[in-house]
There are 2 protein chains.
Amino acid sequence: MYKNRLNIVRSKFELLGIDTLWVIQPQNRRYISGFKAPDGQLDESSGSLFINKDKALLLTDSRYTIEAEEEAVNVEVITHKEGLINALPDIFHQLRTRKLGFEAGYLMWDLYEKAKKQASLQSPAVELVATAGVVEDIRKIKSKEEIDLLSSSALLMGDILSKVIEEMKPHQTERSIAWKIELLIHERDGDGVSFPPIVASGENAAVPHATPTNKKIVEHEPIILDVGSILNDYCSDMTRTVFLEGPSSYFKQIYDIVREAQISAINSIKIGMDSFEADSIARDVIKKAGFGEFFCHSLGHGIGLVPHEKPYLGQRNSEVLQEGMVFTIEPGIYIPGKGGVRLEEMVVLEKEGARVLTTNADFL
Amino acid sequence: MYKNRLNIVRSKFELLGIDTLWVIQPQNRRYISGFKAPDGQLDESSGSLFINKDKALLLTDSRYTIEAEEEAVNVEVITHKEGLINALPDIFHQLRTRKLGFEAGYLMWDLYEKAKKQASLQSPAVELVATAGVVEDIRKIKSKEEIDLLSSSALLMGDILSKVIEEMKPHQTERSIAWKIELLIHERDGDGVSFPPIVASGENAAVPHATPTNKKIVEHEPIILDVGSILNDYCSDMTRTVFLEGPSSYFKQIYDIVREAQISAINSIKIGMDSFEADSIARDVIKKAGFGEFFCHSLGHGIGLVPHEKPYLGQRNSEVLQEGMVFTIEPGIYIPGKGGVRLEEMVVLEKEGARVLTTNADFL
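Residues numbered from 1 in each chain as written. Chains lettered and ligands numbered in written order. Predicted model: local features only at pLDDT ≥ 70, side-chain atom pairs only at ≥ 80, totals over all residues. Heavy atoms only, no water.

### Concerning the domain arrangement of chain A
Residues and elements named next belong to chain A.
Link 1 in the chain: Segmentation of chain A into domains returns domain 1 (2–139) and domain 2 (144–356).
Link 2 in the chain: Each of domain 1 and domain 2 was reduced to a C-alpha centroid, and the two centroids are 35 Å apart.
Link 3 in the chain: Opposite the nine residues of domain 1 that make contact, domain 2 presents eight residues.
Link 4 in the chain: Contact between domain 1 and domain 2 buries roughly 700 Å² in total, counting both sides, with carbon and sulfur atoms accounting for 42%.
Link 5 in the chain: Broken down residue by residue, the surface that domain 1 buries against domain 2 is led by Gln27, Arg30 and Arg139, which jointly contribute 55%.
Link 6 in the chain: On inspection of domain 1 and its partner domain 2, the count reaches five salt bridges.
Link 7 in the chain: Note that arginine 5 is salt-bridged to glutamate 146, the shortest N-O span being 3.9 Å.
Link 8 in the chain: Across the domain 1-domain 2 interface, the total number found is four residue pairs in polar contact (both at pLDDT 80 or more).
Link 9 in the chain: Counting residues per element, the ones that place at least two in the side of domain 1 that touches domain 2 are helix H3 (26–33) and helix H7 (136–139). (Domains from an automatic or database assignment. Contact = heavy atoms within 4.5 Å. Buried area = accessible area lost by both parts, 1.4 Å probe. Salt bridge = Lys/Arg side-chain N within 4 Å of Asp/Glu carboxyl O. Polar contact = N/O pair within 3.5 Å; in protein donor to acceptor, adjacent residues only side chain to side chain. Helix = DSSP H or I, 4+ residues; strand = E, 2+ residues; numbered from the N terminus.)

### Section: the interface of chain B and chain A
Link 1 in the chain: Between chain B and chain A, the residue contacts involve 43 residues of the former and 43 residues of the latter.
Link 2 in the chain: For the chain B face of the interface with chain A, the top three residues by lost area are Arg63, Trp109 and Trp179 of chain B, together amounting to 18%.
Link 3 in the chain: At the junction of chain B and chain A, the tally comes to two salt bridges.
Link 4 in the chain: Seen at the junction of chain B and chain A, the total is 18 residue pairs in polar contact (both at pLDDT 80 or more).
Link 5 in the chain: Secondary structure elements with two or more residues in the side of chain B that touches chain A: helix H4 (65–71), helix H6 (109–121) and helix H9 (174–187) of chain B.
Link 6 in the chain: A per-element tally of the side of chain B that touches chain A places H9 of chain B first, with five residues.

### A few points about the environment of valine 347 of chain B
Residues and elements named next belong to chain B.
Link 1 in the chain: The topology assignment puts valine 347 in strand E18 (residues 345–350).
Link 2 in the chain: Valine 347 gets classed as buried once you look at its relative accessible area, which sits at 0%.
Link 3 in the chain: Measuring from C-alpha to C-alpha, the distance between valine 347 and threonine 173 comes to 31 Å, with 174 residues separating the pair along the chain.
Link 4 in the chain: Those residues in contact with valine 347 that lie beyond four places of it in its chain are Ile266, Met325, Val326, Phe327, Ile329, Ala354, Arg355, Val356 and Leu357. (Buried < 20%, exposed > 50% of the residue type's maximum accessible area, 1.4 Å probe, protein only.)

### A short note on the sheet that holds strand E7 (residues 192–193) of chain B
Residues and elements named next belong to chain B.
Link 1 in the chain: Spatially, E7-E10-E11 is the arrangement adopted by the three strands of the open sheet, whose pairing is antiparallel. Sheet topology places E7 and strand E11 (234–235) at the edges, where each strand pairs with a single neighbour.
Link 2 in the chain: Pairing geometry for strand E10 (residues 229–231) and E11, over two bridges, is antiparallel. Bridging from a neighbouring strand, isoleucine 230 pairs with cysteine 235 of E11.
Link 3 in the chain: Strand contacts of helix H8 (residues 144–166): E10 and E11, with the helix running at about 135° to E10, the strand carrying the most contacts. (Pairing = 2+ DSSP bridges. Axes fitted to C-alpha atoms, helices over the stretch in contact; angles between N-to-C directions.)

### Regarding the packing of helix H5 (residues 84–95) of chain A against helix H6 (residues 109–121) of chain A
Residue and element names in this part refer to chain A.
Link 1 in the chain: One can describe the packing of H5 onto H6 by two numbers: an axis separation of 9 Å at closest approach and a directional angle of 45°. It follows from the interaxial angle that H5 and H6 lie oblique. In this structure, H5 meets H6 at a crossing whose hand is right-handed. Along its contact with H5, which presents Ile85, Asn86, Leu88, Pro89 and Phe92, the element H6 presents Leu111, Lys114, Ala115, Gln118 and Ala119. (Parallel < 35°, antiparallel > 145°, perpendicular 65-115°, else oblique. Left-handed = near helix turned anticlockwise from the far one by under 90°.)

### Some details on the relation of the copies chain B and chain A
Link 1 in the chain: After a rotation of 180° and a shift along the axis of 0.0 Å, chain B superposes on chain A with an RMSD of 0.0 Å. Such values leave the two copies arranged in the relation of a two-fold axis.
Link 2 in the chain: By residue overlap, the copies meet face to face through one surface: 100% of the interface positions of chain B are interface positions in chain A. (Least-squares fit on C-alpha atoms with pLDDT ≥ 70 in both.)

Now the structure itself:
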């Protein structure tokens, strides 16, 4: 599997005009090599892959050497002692690098400048070439095995969410419900949450990315639960909006519009469609109902080793939807000061259209 | 407090040769403005601050507008609809920007290139100026209030860790102990862990950044517990190495060396010392005992809104240690295939020297 991924990466070199690729993004690194260590912080890297036609080197520091040697396959692990930048000349030499592709969306400006300086000192000088989405474009098409893993993660999350919703009672706090979700993921042997659970009730539900508070849930108000698990390294992401004792007529109307938008998208999306067109299908339903200005985010996003990845389904994205892509369909309407509704399913795109991986439940 | 921080930032503009600073790093943004939203992923930003002498603008997208308006102080919140890059000309105009400082260690190469292009289209062109550590150098000196918050977070973590260690029994798994730590932080109303708990026993303790496994703990082997909480936004970080029924004579010797190295550093560090010299004090003890090659990381790191920040205490860092800095002292010895010992306390540097904020416990 890793060998195959490595070879797909290599097959792109000619078109990119490079002979070596530097992979620094943690999930790209892991997808190709199996080395799982995440980056500790935004300004800390646990390793870099350097790949040429024949060889792959995993550069790391001594904190990660043992883990890298255990996990990484088809690569030689090299422990740098004086930092990555000082190890570059030796890497260039070993790989006979002349044109080094780097991930323009993940390499920090100062690290780029330092690498460029080292590159310019080589004889002949090594050229740095910006690349975008080299590994992400492979990751966005899921294999049969990956689809099974995403499906298992989605089913686990769906089971847990149904249980939490069944047991919901007035006066529970948003925070306690969020914590219960984390507890159940742990009890069911999930690896953890794929992002901090969102539990947003009443007017908090008007904030798409709300943080759970100590507010208590009450009858008739919208309660948005947007949650995800990680199981065997693969993420899930799903959203339900529920109402204790049913919704007010105002939110019943909004719920029905969001649901219609979602179902229209699920039923219409097919292979070959452009991602912004998928967004438009749902958006048009909401616009036609007069709530266009209150659907303030994109329709969905790909999901895999991270909760948000290619393809992105929004008005400012254009990408052909392909067989084997797994993404979310999550329209929403948010009324400031009042509340909101969001409904989210994960789907896989197949010959017959979009197949829902989550439980596709309607809680109204 | 935020006003004061904003003014300290502004006082650096002249020396930096800039009239506007672009702050994209999440904790820098939050330290100055109060806006707490983290970045969702490596490739997702929840906002950027632009500061000139008179004004501060917080650029965000519509998912975060309500939160930004509630949390951010002394700044005007602007919601961009077509992405940050397209909003730049208006920002430059509003702030009369000619020389824009950016955070070279946090700005991705492609975002820099796009911003540079927009800047070059202005009339007159806006110049981009690389900066490093502008806000971090303010953050590294803690106020009295911050020291109290860090102390509370450290005491909470110490209480919990003592309880977990007291109740440790043979046959518990590393993973179950790690989970118990998370549960207790939640029960005690902490905001969560500051990093995933490390519980590493036996030969797993030879891996400095081990992930807890289903391995059961057994008598006499070293068990490293490296854990941190977040309480009122501030992090703690501490490490104990314990042995059920006491250590073997081999690990007793190693423990005593690490402890001596740690105590030497705590007792010797003072205001005005260079950070690499602090590292050398502990390292020399370990070298003299013949284990120098097995102390494979730095002595410590600053801690605050994130678990790792300035100052860094290592052989490749040089920085004058100042009053009000809070950092860890964490020497370790790791023997591949056998196990390891690490001991970590948090200290604050005061006129009298380093004062330990954690419980400074000796479990041997």
